[in-house]
Amino acid sequence: MEQKVSTTGMSGSQSVDRALGLLSLVSYFGDQGGALSDIVEQSGLNKPTTRRLLLALIRSGLLEQDPLTRRYYLGQEAYVLGTLATRRYGLLQISRDSLSVLSAKTQDTSFLSIQRDNYAVCLHREEGTYPIRTHALQAGYRHPLGVGAGSLAILAAMDDDEIEAILAMNESELLAEFPHLSPPQIRADIAAARAQGFALNPGRILANSWGIGLAIRFPDARPAGALSIAAIDSRMQPARQVELVALMKIEAKKIEARLAHLQPLHDRPKRPVNRGGRPEQNPLA
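Residues numbered from 1 in each chain as written. Predicted model: local features only at pLDDT ≥ 70, side-chain atom pairs only at ≥ 80, totals over all residues. Heavy atoms only, no water.

*Asks:* How do you make sense of helix α3 (residues 47-59) when you look at a structure like this?
*Replies:* Every α-helical turn comprises 3.6 residues, leaving residues that sit three or four positions apart pointing alike. An ideal rise of 1.5 Å per residue puts 18 Å on 13 residues; α3 measures up with 18 Å between its terminal C-alpha atoms. Taken residue by residue, α3 has Thr 49, Thr 50, Leu 53, Leu 54 and Leu 57 as its buried positions. The arc that holds the buried residues of α3, viewed along the axis, is 130°, so those residues lie on one side. For α3, exposure combined with an orientation more than 90 degrees from the buried face picks out Lys 47, Pro 48 and Arg 59. One side-chain oxygen of the residue at the start of α3 lies 2.8 Å from the amide nitrogen of Thr 49, identifying that residue as Asn 46. Gly 61, located one to two residues past α3, shows a positive phi value of around 85°. (Helix = DSSP H or I, 4+ residues; strand = E, 2+ residues; numbered from the N terminus. Expected span 1.5 Å × (residues − 1). Buried < 20%, exposed > 50% of the residue type's maximum accessible area, 1.4 Å probe, protein only. Arc of directions from axis to C-beta. Polar contact = N/O pair within 3.5 Å; in protein donor to acceptor, adjacent residues only side chain to side chain.)

*Asks:* Please clarify how the pairing of strand β8 (residues 223-232) should be interpreted in this entry.
*Replies:* Two faces make up the sheet, and in a regular strand the side chains alternate between them. For β8, the tally of buried residues reaches 10 of 10 residues, placing the bulk of the element in the interior. One ladder, built from five bridges, connects strand β3 (residues 109-116) with β8; its direction is antiparallel. The partner of Thr 109 across the bridge, within β8, is Ala 230. Sheet analysis places strand β7 (residues 209-217) next to β8, joined by nine bridges and oriented antiparallel. Counterpart to Arg 217 in the pairing with β8 is Pro 223. (Pairing = 2+ DSSP bridges.)

*Asks:* I tried to follow the side chain of Ser 110 on my own but got confused; where do I start?
*Replies:* Checked against the element boundaries, Ser 110 lands in strand β3. For Ser 110, a relative accessible area of 0% puts it in the buried group. Looking at Ser 110, its side chain comes within polar contact range of the main-chain oxygen of Leu 99, at 3.1 Å. Not counting residues within four places of it along the chain, the set of residues in contact with Ser 110 comprises Leu 99, Leu 102, Ser 103, His 124, Arg 125, Glu 126, Ser 228 and Ile 229. (Contact = heavy atoms within 4.5 Å.)

*Asks:* Would you mind showing me how to read the side chain of Ser 103 here?
*Replies:* Among the secondary structure elements, Ser 103 is positioned in helix α5 (residues 91-106). The exposure class of Ser 103 is buried, given its relative accessible area of 4%. For Ser 103, the side chain forms a polar contact with the main-chain oxygen of Asp 108, separated by 3.2 Å. Reaching out from Ser 103, the side chain makes a polar contact with the side chain of Ser 110 at a distance of 2.8 Å.

*Asks:* Can you walk me through the pattern of salt bridges in this structure?
*Replies:* Any two side chains of opposite charge can pair, given that their charged atoms come close. Per the counting criterion, the structure on display carries eight salt bridges. The closest approach of N and O atoms between Glu 164 and Arg 187, which form a salt bridge, is 2.9 Å. Taken together, the residues Glu 164 in helix α7 (residues 160-177) and Arg 187 in helix α8 (residues 183-196) connect sequence positions 23 residues apart. Residue classification places Arg 187 among the partly exposed residues on the basis of a relative accessible area of 36%. Connected through shared salt-bridge partners, Asp 108, Arg 235 and Arg 240 make up one network. (Salt bridge = Lys/Arg side-chain N within 4 Å of Asp/Glu carboxyl O.)

What follows is the structure, given as structure tokens:
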């Protein structure tokens, strides 16, 4: 008699994978929230399945839906989990002071971006005081790696094989959404970034919005993320680029020094237990 393989586990696993994929997808919409039609289109799932999984995520607190706009947003539980995760992945936490310093000294807007799969995601936008600002990038926005100064800096810090794999994955989106940033153009921008020691976006996304990016590296030289500064083109002339890069290098070194002192969670000593049986507060946690 032929033995049948149960598909219960696979079906359950598939549902979990799909739900987590939707959670990740909704996060990309940031403060604007995601409409059901957009989520369905981008997820590739049918509408009933998408709706069912979104409701499950809402019940868990990971998502919420605005009662007026009907758009979906990350929920309170996602915030709690993200806060707990900063113990291990605290790049934003240890970069905030440097972002404040950069925006205060330059009067321009500074950003922190990280890699997420084959994209770069803006974690934080620190406003400067200069009255004319560029709004090409907001916290939560994502772009294919290579699009934008910080994103380009991350990509340029990778191995060539990784770069080619990412460009291959992003090629169709680049050609459709960013016609001025084809893979050959990004390769040329990477070569320029490596030669000059920083990434430059000379208005390739918005004509009058320029940016400078500098990679932040882990102790093993892998890119942890990137700092970037954006300004109108008149404030990004060659002489000022040199000034901005010098300031960014100082702050990048500070962040890298802090990263070098962060221990992975599994390498940290166990928290001591007090007499009441509860873990004592660890100031390094």
